[in-house]
Amino acid sequence: MGRRGVVLGGTALGAVGALGLVAPAEAWTWQPAGSIAGAGTGMDPRYLWDDECDALVARLFERGEVELVNELLADWTHNDEALPAGLPADLAAFLERNRQLPSWIDQAKLTQAFDFYERRGTYLGVLYGLGSGMMSCVIPREARAVYYSAGGADMKDRIAKTAKLGYDIGNRRAFGPGGQMVVTCLKTRLTHSAVRYLLPRSSHWKSGAEESLPISQADIMVTWHSLATFSRNKLVAWKIRMPAADSAAFLHLWQITAHFLGVKDEYIPASWDEANVQSRQVLDPILRPTPEGIKLADILLNLAAEYDKGLTKPVLNGFTRYTLGDQIADWLQIKRSPMDRMIKNSWPAFIRFKEGLVNLPLVPNLYWVLDEFLRLGVLFFLNEGRRIDITLPTGNNPNYS
C-alpha cells in the first residue's frame, strides 16, 4: 500500500501512509516551466501573498472606508457592469485593471466547459460540497483561518458565499458578459486581503498558526487542488468518460479562476499532469485533523438539522466517507452507519445508469435543468432566500475576541 493509495484509492490525491502517518512538508520544487506562464522566479509560494491587493485593503481599513465599500459593491454583480459611482479611486483603478481577461483565455474551451457542466454537474456538485468542502476541514491552515475569522461565527453564511463561487463557475457565461464569475473572484480576492489584515490581530489564531499571514499563494493553490484536481481525478476514478476536450476545458475554467483570485500565472498548472505533480507537493502531505477542523466539520454536517431534525445527516456523513475515504472521515469523527454501505453500492450503479442516458437527445438539457433546480435550492437554503453578497469582513470571529 503506497502513501498515495490509502486515502482516496490512488486518485492522485492522498495524505497518509498505511499507518496514517503524515508526510512532512517538502521544500518547494515545482517548476514554473509547467505553468501557464511557462516561466517564473520559482519562489516558494508559501511566502508570497497578494501585495497589491493587501496594500489597497489596508488603506481602506486605515481610512475607515470598508463599510462604505461593502455598501457600494453590493449591487455590482455582473462582469460587464460599470463600477459603482463613489468608490475610492485606488479601489476603482484596481478593480478596473484586474477585471480584464488574461491574454491566454480560450473562448472555445469556455464554451466546451459549460457543455461539460451540463452533462456532469451532478457529480461536480457532490464533489465540490461533500468532497472538497469537507476536505477543507483537514487542511489545517484553511480550517484555522475559517474558524477564527468572521466566517467561523456564521458558517451558513460562509458556505453560502463559497457556494456562490461554485455556482457562478458553472454558468454558461461565467467569465463573459452577463456572467458573474469575474466579480465573484475579485470580491473574494478583496476578502482574502481583509482576512490577512484582520486575522493576525487574533490571539487565538496566532497561538496555533504556523504562518505569519494566512492565505498565501500556496494556500490558494491548495484549495484549488482540493476542488479542481480532486474533482477531475475522482471523475476518472469513478470511470466517468472524459474526452480530452472536456478535460482540457474543465482545467481551463479553473486556470482562469486561479488567475482572477490573484494567483500568479507562474503557479497555475498548464496541464493535469503538472497539476497532479504540484498537488502531491502542496496538498497531499499537509492533510491532518485539527480541533478547529473537527468542529467545522460537525457544524457543516449539521447545517440542515434545524430543518429536517437530522434526517439527512447520515446521507451527508455517508457521502463524505465515500468521497474522501475512511481515514479522513475518521479524523473528522464522522460516525459510521448502514448508509455508508448503501451509498458505496448504489452510487456506482447510479453513475452507470446516468451515463447510459447522457448521449440521448435532450437528456443533457434535462440533467442541467434538474441540477440547476438543486443548485438554486441549496443557495436559497444557505442564504435563506436573500441575495448572496460577498463582503469584506470588518472583524474576526467575535466568539474568540
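See the structure printed just above.
Note that the coordinates shown come from a computational prediction; the quantities given were computed from them, not determined experimentally. (Residues numbered from 1 in each chain as written. Predicted model: local features only at pLDDT ≥ 70, side-chain atom pairs only at ≥ 80, totals over all residues. Heavy atoms only, no water.)

> Is there a simple way to explain the packing of aromatic side chains in this structure?
The geometry of an aromatic ring pair is captured by two quantities: the separation of the ring centres and the angle between the planes. Applying the stated criterion across every chain yields a total of 17 aromatic pairs. Geometrically, the ring pair formed by Tyr147 and Tyr148 is edge-to-face, given 5.1 Å between the ring centres and 90 degrees between the ring planes. Here the aromatic rings of Trp238 and Tyr322 are separated by 6.1 Å at their centres, their planes lie at 20 degrees, and the arrangement is stacked. Highlighted residues: Trp238 in the loop between α9 (217–237) and α10 (244–260) and Tyr322 in helix α14 (residues 313–324), separated in sequence by 84 residues. (Phe/Tyr/Trp six-rings, centres within 6.5 Å; stacked < 30°, edge-to-face > 60°. Helix = DSSP H or I, 4+ residues; strand = E, 2+ residues; numbered from the N terminus.)

> Explain the packing of helix α4 (residues 107–135) against α10 to me, please; I cannot follow it from the model alone.
A pair of packed helices is captured by two measures, namely the crossing angle of their axes and the spacing between those axes. Two elements in contact, α4 and α10, have axes whose closest approach is 9 Å; the angle formed by their N-to-C orientations is 85 degrees. By the angle between their directions, the pair α4 and α10 is classed as roughly perpendicular. Together, Lys109, Leu110, Gln112, Ala113, Phe116, Tyr117, Arg119, Leu124 and Tyr128 of α4 and Ala245, Asp246, Ala248, Ala249, Phe250, His252, Leu253, Trp254 and Ile256 of α10 make up the contact between the two elements. (Axes fitted to C-alpha atoms, helices over the stretch in contact; angles between N-to-C directions. Parallel < 35°, antiparallel > 145°, perpendicular 65-115°, else oblique. Contact = heavy atoms within 4.5 Å.)

> What should I look at first to understand the pattern of salt bridges in this one?
Opposite charge on two side chains makes pairing possible when the charged atoms of those side chains draw close. According to the stated counting rule, one finds 22 salt bridges in the structure shown. In this structure, Asp50 and Arg189 form a salt bridge, with 2.6 Å as the shortest nitrogen-oxygen distance. You can see Asp50 sitting in the segment before α1 (51–62) and its partner Arg189 sitting in helix α7 (residues 181–198), a full 139 residues away along the chain. Classification of Asp50 by relative accessible area gives buried; the value is 7%. We note a salt bridge from Arg141 to Asp219, for which the minimum N-O separation is 3.7 Å. One end of the pair, Arg141, is in helix α5 (residues 140–148); the other, Asp219, is in helix α9, with 78 residues separating them in the sequence. Judged by relative accessible area, which is 22%, Arg141 ranks as partly exposed. (Salt bridge = Lys/Arg side-chain N within 4 Å of Asp/Glu carboxyl O. Buried < 20%, exposed > 50% of the residue type's maximum accessible area, 1.4 Å probe, protein only.)

Everything listed is a geometric property; what it means functionally is a separate question.
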